[in-house]
Amino acid sequence: MKWLKGLGIASLLGLTVAPSAIAIPFGSNSVYRTEENGKVYVYASTGTPAQEISMSFSGIPKSVTRTADACGQISFKISATEGLPPSFNLGSRTVNVTSLGQFPQQLKPSCNSTTGELAEARPNDYRVSDDTIIFVGFAPRSGVVVNYEANRIRKVKTNACGFARFAGTTSIPLTTSTRFSFITSVGGVDDVDPVSSLPLAAVPPRCLKVNGVSQGFRPMAWN
């Protein structure tokens, strides 16, 4: 228990501790990182328990498979949360995207499933709405792997001691080179660019229950 700072003394003496949330900043930093067992974690301290914190990650690799219709077209619907990707890798073909406007808005013509011909020619990629792009020129009824980068949102809630820990997942990995933004500023921090720019705490803070009450503890290593 020597690693616990003054907040742990009351419990060691058997005193009752009044329930309260205690923010755990690292020095003056409300947002910081730790590296534990080869993994990177980001801590965000607000001092408010059960507060939802949202992070927006950009450039997260994603892959989907689409089947071309009889006329060699595939449809891609843009997710409102993921946004318009900067590029698409469609099989062996790459399409770089500068804006949605590069895809002219046109009606999707009917496709003759027997002849594989469109009622009206569509030699170039186009969009049928502001959220659906039609890519053309693929082998009829072929499967096409679409690789692209997406924006993703992660949400966590602060614990009973008023801080949250963000860990990487399979779909949203967290490394020192990861870049993200807080949807709502945390301690004056909006953008983390990249995670390696955050102060590094040697060991993480702890949130422990003392006599049934959650209390935050700072490691002595922070001193």
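Look up a bit, the structure's there.
A brief report on the enclosed structure follows. Bear in mind the structure is a predicted one, so any value in this text is a computation, not a measurement. (Residues numbered from 1 in each chain as written. Predicted model: local features only at pLDDT ≥ 70, side-chain atom pairs only at ≥ 80, totals over all residues. Heavy atoms only, no water.)

### What to know about the overall build of the chain
Going by this rule: Think of it this way: any DSSP run of H or I at least four residues long counts as a helix, any run of E at least two long counts as a strand, and we number them from the N terminus. We call a residue buried when its accessible area falls under 20% of the maximum for its residue type, exposed when it is over 50%, and partly exposed in between, using a 1.4 Å probe and counting protein chains only. In what follows, residue pairs with any heavy atoms lying within 4.5 Å of each other are defined as contacts. Using a 1.4 Å probe, the Shrake-Rupley method yields the accessible areas, and only the shown protein chains count as cover for residues.
Per the secondary structure count, the chain includes one helix and 16 strands. Looking at the 223 residues of the chain, the share that counts as buried comes to 38%. Restricting the contact set of the chain to residue pairs at least 6 apart, pairs at least 24 apart contribute 67%. Surface summary for the chain: the accessible area is close to 11900 Å², and the carbon and sulfur share equals 50%.

### Remarks on the sheet that holds strand S9 (residues 126-129)
Rule in force here: By this definition, two strands are paired if DSSP reports at least two bridges between them. Angles run from 0 to 180 degrees between N-to-C directions of axes, and those axes are lines fitted to C-alpha atoms, restricted for helices to the stretch in contact.
Strands sit in the order S4-S10-S9 across an open sheet of three strands; the sheet is antiparallel. Two strands lie at the open edges of the sheet, namely strand S4 (74-77) and S9, each paired on one side alone. Across the sheet, the mean angle separating the axes of adjacent strands is 30 degrees when strand polarity is ignored. Taken together, the three bridges between S9 and strand S10 (residues 132-135) define a ladder with antiparallel strand orientation. In the sheet register, Arg127 faces S10, and the bridge partner there is Ile133.

### A word on the state of the cysteines
As a reminder, the rule being used: We call a pair of cysteine sulfur atoms a disulfide when they lie within 2.5 Å.
One pass over the full model with this rule turns up two disulfides. Across a sulfur-sulfur distance of 2.0 Å, Cys71 and Cys111 are joined as a disulfide pair. Disulfide Cys71 to Cys111: torsion about the S-S bond roughly 100 degrees, handedness right-handed. Here Cys71, found in the loop between strand S3 (52-67) and S4, pairs with Cys111, found in strand S7 (residues 111-112); they are 40 residues apart in sequence, far enough to count as distant. By relative accessible area, which is 15% here, Cys71 ends up buried. Exposure remark for Cys111: the relative accessible area of 29% places this residue in the partly exposed category. Across a sulfur-sulfur distance of 2.1 Å, Cys161 and Cys207 are joined as a disulfide pair. Given an S-S torsion of about 80 degrees, the disulfide between Cys161 and Cys207 has right-handed geometry. Here Cys207 lies in strand S15 (residues 206-210) and Cys161 lies in the loop between strand S11 (143-157) and strand S12 (163-167), a separation of 46 residues in the sequence. By relative accessible area, Cys207 is classed as partly exposed at 28%.

### Structural notes on the environment of Arg127
Using the following cut-off: Pairing of N or O atoms within 3.5 Å defines a polar contact, subject to two protein rules: one partner must be a possible hydrogen donor and the other a possible acceptor, and residues neighboring in sequence count only if both atoms are side-chain atoms.
With respect to the helices, strands and loops of the structure, Arg127 is situated in strand S9. Between the C-alpha atom of Arg127 and that of Phe103, which follows or precedes it by 24 residues, the distance is 5.7 Å. Beyond its immediate stretch of four places on either side in the chain, Arg127 contacts Leu100, Gly101, Phe103, Pro104, Gln105, Gln106, Thr132, Ile133 and Ile134. A distance of 2.7 Å separates the side chain of Arg127 from the backbone oxygen of Phe103, its partner in a polar contact.

### Examining the nonpolar core
Threshold: Only buried Ala, Val, Leu, Ile, Met, Phe, Trp, Tyr and Cys residues count toward a nonpolar core, and they belong to the same one when joined by side-chain atoms within 4.5 Å.
Counting residues in each nonpolar core, the largest one holds 19 residues, and the members touching the most others are Val42, Ile53, Phe57, Phe166, Phe180, Phe182 and Val195. Here this core takes four residues from S3, the largest share from any one element. If near-sequence neighbours (up to four positions away) are discounted, Phe166 is found in contact with Val40, Tyr41, Val42, Ala44, Ile53, Met55, Val156, Leu174 and Phe182. Core analysis: the next-biggest nonpolar cluster, separate from the first, contains 18 residues, Ile78, Phe88, Leu90 and Ile133 among them.

### Here we look at the pairing of strand S14 (residues 189-192)
Looking at chain direction, strand S13 (residues 180-186) and S14 are connected through three bridges and run antiparallel. Pairing of Phe180 across the sheet is with Val192, part of S14. Counted along the chain from S13 to the antiparallel partner S14, the turn is two residues long, and its residue Gly187 has a positive phi close to 55 degrees.

On their own, these measurements won't tell you what the molecule is for.
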